[in-house]
Each structure stands twice: as structure tokens, then as C-alpha cells.
Amino acid sequence: MRKKSLLFLLCLICPLAWGDGRSAGQLSEILSRSQLMCASAMVYFNPAERTPDPRGLNATYEHLNTMETYMVQLGQPEPLVQPLHAMKEVFDTLERLPRAKRERYPELIQQLLGHQRQLQRAASTAYASAGPDPAAADLWAQSQALATLLLDYQVRLYPLPQKGGLTLTPAQAKELDQTIEQRFETLMARHVEHAEVLSKAKSSYLFVRPQLQQMASSGGAGSGGPEFYLNRASIDLDELAVAVPTPSP
């Protein structure tokens, strides 16, 4: 499941792709996937759940494997490899830990989030330097924004030892919500040929939006979880960004 053999082959055949449009997309997806991975891990490794949904574990694997593959294709840049490797080590510890010791989950998730923030900073710097393709930049930004909101939601729900600095302020949450809403309108006007994918992503966001806002403002949450909807929407936007052609100069 870890796809170690695939990663080894990629090490041999994939050249360094730093600084081109493809690398910008991979870096953007690392920014999104690192947040989605943590959100999925919090869903599965929840100390209150005796029999968690295995889909949460499968999603965590998927995000980690995707990031490892992209890291190889990017040439294994040390500022990104180090925190990703640390995230993987924490995840391996969580996975090996017996469910009877689930009281340790919060401290390990806290470590996972710390490494994710380190990866986020390094990937953000690299992404800015890579020169994102203007044709896809808004799609990548929207994917990152949805992943940020999902992670914020899960952090608020999860019994972490310390949440200081890990959640959005009410003002930040409101601003991000407005940006997402406006960006969806821009994307749908710009990419009419992809209206179906964009409409689905927008509908998913609007469906969970009241729950996200309730959690951000009062800490209360309604029934149902946003993780499925925002997870899928973020990935769909990344896939669409790859399909959008770069305008001719």
C-alpha cells in the first residue's frame, strides 16, 4: 500500500522538475494534500472512536503516497523532504499503536500538525518561486483554500493538547469564505467548458458551508462531516488544473 517499489522506480527515472509549470502544480498539491492528510488522520485516529471508518485511513494513505511521489519527481528537496519524512514517521507510529492505547492519539496528532506546518512553510516558499501557471493558479488556490478550511474544522473538533495558533481567527475564516465564494464565480466564468466539475465542487462547498461557519463562530457542529465533500472537491480542482491548457504567448 505504501507503493515503495513505485517510489524507488520514480527515483531512478524522474529528473528534477524544479521551477516549471508542472513542479508548481505538484507543490500546490503538496500544500493541499498535507492539510487533507492531517484532516483524514484526525478522523480515523480519533480517541473517541472505537471502530473508526477505514475510509479515513485509506484517505490518509492516499495523501501521503501522493506527496511522496511528487517529492521524488521534484528531486527530493531537503526543506520539503525532512518535514514530510517526519509526518510519515508519526503516521507509522499512529498506525502501529493498538486501539487500546488510543489515549496517545492526541499527542501524536499534535506532532503531525507541527511537522505539517513546517512542510507548509517550505512548500509555500518553493511554490512562489516555481512561477505558477496563471491558467491554473486560481484552481490550485481554490484547492488549497478548501483544504485549509477542512483542516481548520477538524482541528476545532479534535481533542488536541494545544490548539493555539492552529485555527483561523473569526476574521480570517470570514475572509477565506468570501474569497472562496468569489473565486468560484471567477472560475466558472473563465472555464465554461469545465462547468460540471466546478459546479460539483461549488455545491459540495455550499453544502457544508453552514456547518463550517457554525464551528468557526461557536464551536458547535451539526450532523454529518465535511471531510468527504471538501476532500473530494480539493482533489477534483487539482485534477482540473492539470487539464487546463496554458494560453499561447
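Before reading further, recall that the structure is shown in the block above.
To start, this report covers the structure provided alongside it. (Residues numbered from 1 in each chain as written. Predicted model: local features only at pLDDT ≥ 70, side-chain atom pairs only at ≥ 80, totals over all residues. Heavy atoms only, no water.)

A short note on the overall build of the chain
Phase 1 of the analysis: Along the chain, the regular secondary structure elements total nine helices and zero strands.
Phase 2 of the analysis: Counted from the first residue to the last, the chain has its helices and strands arranged as α-α-α-α-α-α-α-α-α.
Phase 3 of the analysis: Long-range pairs, those at least 24 residues apart, make up 77% of the contacts in the chain between residues at least 6 apart in sequence.
Phase 4 of the analysis: Working note: accessible area of the chain is about 12,000 Å², and carbon and sulfur atoms make up 55% of it. (Helix = DSSP H or I, 4+ residues; strand = E, 2+ residues; numbered from the N terminus. Contact = heavy atoms within 4.5 Å. Areas by Shrake-Rupley, 256 points an atom, 1.4 Å probe, with all protein chains shown as cover.)

Let's talk about the nonpolar core
Phase 1 of the analysis: In this structure, Ile30, Phe45, Ile109 and Leu113 are the most contacted members of the largest nonpolar core, which totals 72 residues.
Phase 2 of the analysis: Breaking this core down by element, the ones donating at least two residues are helix 2 (21-44), helix 3 (54-73), helix 4 (78-96), helix 5 (105-130), helix 6 (134-157), helix 7 (170-190), helix 8 (195-218) and helix 9 (227-243).
Phase 3 of the analysis: The element best represented in this core is helix 6, accounting for 12 residues.
Phase 4 of the analysis: Once residues lying within four places of it in the same chain are set aside, the contact partners of phenylalanine 45 are Leu57, Phe91, Leu94, Glu95, Tyr105, Ile109 and Tyr158. (Core = buried A, V, L, I, M, F, W, Y, C linked by side-chain atoms within 4.5 Å. Buried < 20%, exposed > 50% of the residue type's maximum accessible area, 1.4 Å probe, protein only.)

Focus: the pattern of salt bridges
Phase 1 of the analysis: Across all of its chains, the model carries 12 salt bridges by this definition.
Phase 2 of the analysis: Two residues, arginine 33 and glutamate 29, come together in a salt bridge whose shortest N-O distance is 3.1 Å. Taken as a pair, arginine 33 and glutamate 29 lie in helix 2 at a separation of four residues, close to a single helical turn. Take arginine 33 and glutamate 29: they sit in the same class, and that class is buried. (Salt bridge = Lys/Arg side-chain N within 4 Å of Asp/Glu carboxyl O.)

Comments concerning helix 6
Phase 1 of the analysis: In a regular helix each residue adds 1.5 Å, so 24 residues correspond to 34 Å; helix 6 covers 36 Å between its end C-alpha atoms and thus fits that length.
Phase 2 of the analysis: Among the 24 residues in helix 6, 18 count as buried, and that is most of the element.
Phase 3 of the analysis: Its side-chain oxygen 3.0 Å from the backbone nitrogen of alanine 135, aspartate 133 forms the N-cap of helix 6. (Expected span 1.5 Å × (residues − 1). Polar contact = N/O pair within 3.5 Å; in protein donor to acceptor, adjacent residues only side chain to side chain.)

Here we look at the packing of helix 4 against helix 5
Phase 1 of the analysis: With their axes 8 Å apart at the nearest point, helix 4 and helix 5 run at an angle of 165° to one another. Classified by the angle between their axes, helix 4 and helix 5 sit roughly antiparallel to one another. Once helix 4 is placed against helix 5, the crossing between them reads as left-handed. Every residue of helix 5 that contacts helix 4 at Pro79, Leu80, Gln82, Pro83, Leu84, Ala86, Met87, Val90, Thr93 and Leu94 is listed here: Tyr105, Leu108, Ile109, Gln111, Leu112, His115, Gln116, Gln118, Leu119, Ala122 and Ala123.
Phase 2 of the analysis: In the contact of helix 4 with helix 5, the residues fall into 15 nonpolar, six polar and no charged. (Axes fitted to C-alpha atoms, helices over the stretch in contact; angles between N-to-C directions. Parallel < 35°, antiparallel > 145°, perpendicular 65-115°, else oblique. Left-handed = near helix turned anticlockwise from the far one by under 90°. Nonpolar A, V, L, I, M, F, W, Y, C, P; charged D, E, K, R; others polar.)

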